[in-house]
Amino acid sequence: MTSSAKLRVLVAEDSPTARALLVEILRSDPGLEVVGEAANGIEAVEMTRRLRPDVVTMDIRMPLMDGLAATREIMAETPTPIVIVTASFERRDVEISMQALRAGALSVLPKPIGTGSPGFPEECRQLKTTVKAMAGVKVVRRWRERPPARQRPAGWVAKPRVVAVAASTGGPAALQQLLSALPVDFPVPMLVVQHIAPGFVSGLASWLDAVSPLEVKVAEEGETLRAHHVYFAPDGRDLGVSDRGTVSLSIPRAGSLHCPSATPLFESVAQVYGASALAVILTGMGKDGLEGLASIKRAGGRVVAQDEETSVIFGMPAAAIDAGLADLVLPLASIASMLAELTNGPDRRSP
């Protein structure tokens, strides 16, 4: 790869030591070039405008302007892929990271601790891989919304008794919009797999709980699934359901590319709920969940996919659509009203 073909990265980090480490890690990849170093949010905004990098790594805690405010300014002025890199798992910092994802940042990662850490090689690999993946994402200033869908689709005879959702890149912001639009009396449980760096799922659930009329939490082994509740897969475990209507957590399968993964969730709800299972596949990179969606369809359940226009990355929804598994393809703004319509409508199998 020639120098001109390298992806250009701006590093925004107030600590000189941490910034030097991030720069060293990124420069160790022949496909990456660090074109600027910002010590605060104001510099990050100015340098993004001037240097036009392919991607920005953004710290949360910075003087003069923090990472959230800088993200907002960049996405308003010079929309650029942003990866949040934070060292803190304190509740406030995780909440700010979630708000930055809502403001337009694409991903959040833990900051590499240093060469003495056992996990340092994996942290370096994850940072470089994520930066390269996010650099190619087309970002926009805001979601494009369309009027909500109004009619129940023809041929859907079984009223859903559970909703299973999968999302990856762009998912936190999409979930915020989806969950905040659902009615407080949403009559079925919802289970969610969101690809996110370890340590952030509790903060994500807390943030979404604050903005949604539903109760949002991290799932616990054996708890009974309840209406008006949203259950997130915890770190390091695949999420599923038992035939008793309780949460079932499992160790990821050997060779799985994602932890948690959407396929075990979809397969589990297909087995337990059959034709009453409804799956939603949101914005994300790759094809996670595709085999599980096939299980949903074989069981008689239905699949809703987010459309390309409102997806940050049209990977996971596109895979479902291309495989012929999506019954509906909707803009994000229409999905909540469709879920409410389906779950509150009559079950036409009943007399």
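Rules used throughout
Residues numbered from 1 in each chain as written. Predicted model: local features only at pLDDT ≥ 70, side-chain atom pairs only at ≥ 80, totals over all residues. Heavy atoms only, no water. Pairing = 2+ DSSP bridges. Helix = DSSP H or I, 4+ residues; strand = E, 2+ residues; numbered from the N terminus. Axes fitted to C-alpha atoms, helices over the stretch in contact; angles between N-to-C directions. Contact = heavy atoms within 4.5 Å. Expected span 1.5 Å × (residues − 1). Buried < 20%, exposed > 50% of the residue type's maximum accessible area, 1.4 Å probe, protein only. Salt bridge = Lys/Arg side-chain N within 4 Å of Asp/Glu carboxyl O.

1. Digging into the sheet that holds strand 4 (residues 82-86)
Reading across from one edge, 2-1-3-4-5 is the order of the five strands in this open sheet, with parallel pairing throughout. Two strands close off the open sheet at either side, each with one partner strand: strand 2 (32-38) and strand 5 (107-110). Averaged over all adjacent pairs, the angle separating strand axes in this sheet is 25°, with direction ignored. Sheet topology places strand 4 next to strand 5; four bridges connect them, and they run parallel. Looking across to strand 5, one finds that Ile-84 is bridged to Val-108. In the packing of helix 2 (residues 41-51) onto the sheet, the strands contacted are strand 1 (7-12), strand 2 and strand 3 (55-58), and the crossing angle to strand 2 comes to about 135°. Lying over the sheet, helix 4 (residues 91-103) contacts strand 4 and strand 5, oriented at roughly 150° with respect to strand 5.

2. Focus on helix 4
In this model, helix 4 (13 residues) spans 18 Å end to end at C-alpha, consistent with the 18 Å of a helix rising 1.5 Å per residue. Buried residues of helix 4: Asp-93, Val-94, Ile-96, Ser-97, Met-98, Ala-100 and Leu-101, and no others. Looking at the packing, one finds that the buried side of helix 4 touches helix 3 (67-77), strand 4, strand 5, helix 6 (171-180) and helix 7 (201-211). Taken from the residues just after helix 4, Gly-104 is the one with a positive phi, measuring 135°.

3. Concerning the sheet that holds strand 14 (residues 328-330)
With respect to topology, seven strands assemble into an open sheet ordered 8-9-7-6-12-13-14, the strand pairing being parallel. Of all strands in the sheet, those with a lone pairing partner are strand 8 (215-218) and strand 14, marking the two edges. Across this sheet, the average inter-strand angle for adjacent strands is 20°, counted without regard to direction. Sheet topology note: the strand 6 (residues 162-167)/strand 7 (residues 190-194) ladder contains five bridges and is parallel. Among the inter-strand pairings, Val-163 is bridged to a residue of strand 7, identified as Met-190.

4. Some details on helix 9 (residues 290-298)
Along an α-helix, residues three or four positions apart point the same way, because every turn accommodates 3.6 residues. Taken as a whole, helix 9 has its buried residues at Gly-292, Leu-293, Ala-294, Ser-295 and Ile-296. Residues of helix 9 that are buried make contact with helix 8 (262-273), strand 12 (277-281), strand 13 (302-306) and helix 10 (316-322). Gly-300 lies just past helix 9 and shows a positive phi near 95°.

5. A few points about the environment of Met-338
Assignment of secondary structure puts Met-338 in helix 11 (residues 332-344). Under the relative-accessibility criterion, Met-338 is labelled buried at 3%. A C-alpha to C-alpha distance of 9.8 Å links Met-338 and Leu-328, two positions 10 residues apart in sequence.

6. Looking at the pattern of salt bridges
Tallying each qualifying case throughout the model produces 12 salt bridges. Close ionic contact of Glu-122 with Arg-125 constitutes a salt bridge, the shortest N to O distance being 2.6 Å. With a gap of three residues between them, Glu-122 and Arg-125 both fall in helix 5 (residues 120-135), about one helical turn apart. Its relative accessible area of 42% is what places Glu-122 among the partly exposed residues. For Lys-217, the salt bridge is made with Glu-220, and the minimal N-O distance between the two is 3.1 Å. Lys-217 sits in the buried class, given a relative accessible area of 16%. On the basis of relative accessibility, which here comes to 48%, the residue Glu-220 falls in the partly exposed class. A cluster of three or more residues bridged by salt bridges with shared partners is formed by Glu-13, Asp-59 and Lys-111.

The analysis is restricted to geometry; functional conclusions fall outside its scope.
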